[in-house]
Amino acid sequence: MRCNLDRYLREPGISEGQRRRLQLFQTVESGVCAKVERFCTEHGIEVTDLAVLLVAPEAHLLFRNALLAQPGSGRRPSTPQASLILGHRSQLHSFLRRALPPNESDAADPYMDLMTPAPARCVRILIIDDDSLTIMSYGTFVTVSMNLAEMPDA
């Protein structure tokens, strides 16, 4: 819930960059939740295997051609909006490694968190701006099965 995120944002140990990225997430939080639910339903993917990349407007230049103008607009909007990319965590891992390859001097893969499912009923959220990347597990999402064959006769 938003109040929990508000409380976390007031924690003294959180950096200003993390605070800024989490505040960006707050502005699209309800829309992200709706898209997560719809994506999981339409694509038959478990929420723990879904990853969401939120790209701040100032980070669009980092992706160059990987992020295109809004469909049908024919041009980039004058006021850039945050972009949202949803997909299976392994697909998003591959996308990030191609679009923003890690430095060859880095021993660790900065996107390795995506190779592990998110905690139960949570989705992995990645928020990137022109400064850094924040990765978090966000939820709780509950899946309700409405299979009529499994329901008792009334």
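Predicted, not measured: the structure shown is a model, and the values here were computed from it. (Residues numbered from 1 in each chain as written. Predicted model: local features only at pLDDT ≥ 70, side-chain atom pairs only at ≥ 80, totals over all residues. Heavy atoms only, no water.)

What follows deals with the overall build of the protein. Summing up its helical and strand segments, the protein has four helices and four strands in all. The burial tally for the protein puts 36% of its 154 residues in the buried class. Counting only contacts in the protein whose residues sit at least 6 apart along the sequence, the fraction spanning at least 24 positions is 57%. Accessible surface, the protein as shown: approximately 10,000 Å² in total, 51% of it carbon and sulfur. (Helix = DSSP H or I, 4+ residues; strand = E, 2+ residues; numbered from the N terminus. Buried < 20%, exposed > 50% of the residue type's maximum accessible area, 1.4 Å probe, protein only. Contact = heavy atoms within 4.5 Å. Areas by Shrake-Rupley, 256 points an atom, 1.4 Å probe, with all protein chains shown as cover.)

On average, the protein scores 82 in pLDDT, and the residues at 70 or more come to 78%. Mean pLDDT values for the elements of the protein range from 67 in helix α1 (residues 2-9) up to 95 in strand β1 (residues 50-55). Note on residues 69-75: pLDDT under 50 across the span, and four contacts to partners over four residues away in sequence or across chains. (pLDDT = per-residue confidence, 0-100.)

Those residues of helix α4 (residues 89-99) not exposed but buried are Arg89, Leu92, His93, Phe95, Leu96 and Ala99. Considered in projection along α4, the buried side chains sweep an arc of 165 degrees and stay on one side of the axis. Every exposed residue of α4 that faces more than 90 degrees away from the buried side is listed here: Gln91 and Arg98. Of the surrounding secondary structure, the elements contacted by the buried residues of α4 are β1, α3 (60-63), β2 (83-88) and β3 (122-128). (Arc of directions from axis to C-beta.)

Scanning the model with the defined rule gives seven salt bridges in all. For the salt bridge of Glu16 with Arg19, the shortest nitrogen-to-oxygen distance reads 3.2 Å. With Glu16 and Arg19 both in helix α2 (residues 16-43) and three residues apart, this pair spans about one turn of that helix. With a closest N to O distance of 3.8 Å, Arg21 and Asp131 form a salt bridge. Of this pair, Arg21 sits in helix α2 while Asp131 sits in the loop between β3 and β4 (133-139), and the two are 110 residues apart along the sequence. Classification of Arg21 as buried rests on a relative accessible area of 4%. By relative accessible area, Asp131 is classed as exposed at 54%. In the salt-bridge network here, residues are joined through shared partners; they are Arg20, Arg21, Asp129 and Asp131. (Salt bridge = Lys/Arg side-chain N within 4 Å of Asp/Glu carboxyl O.)

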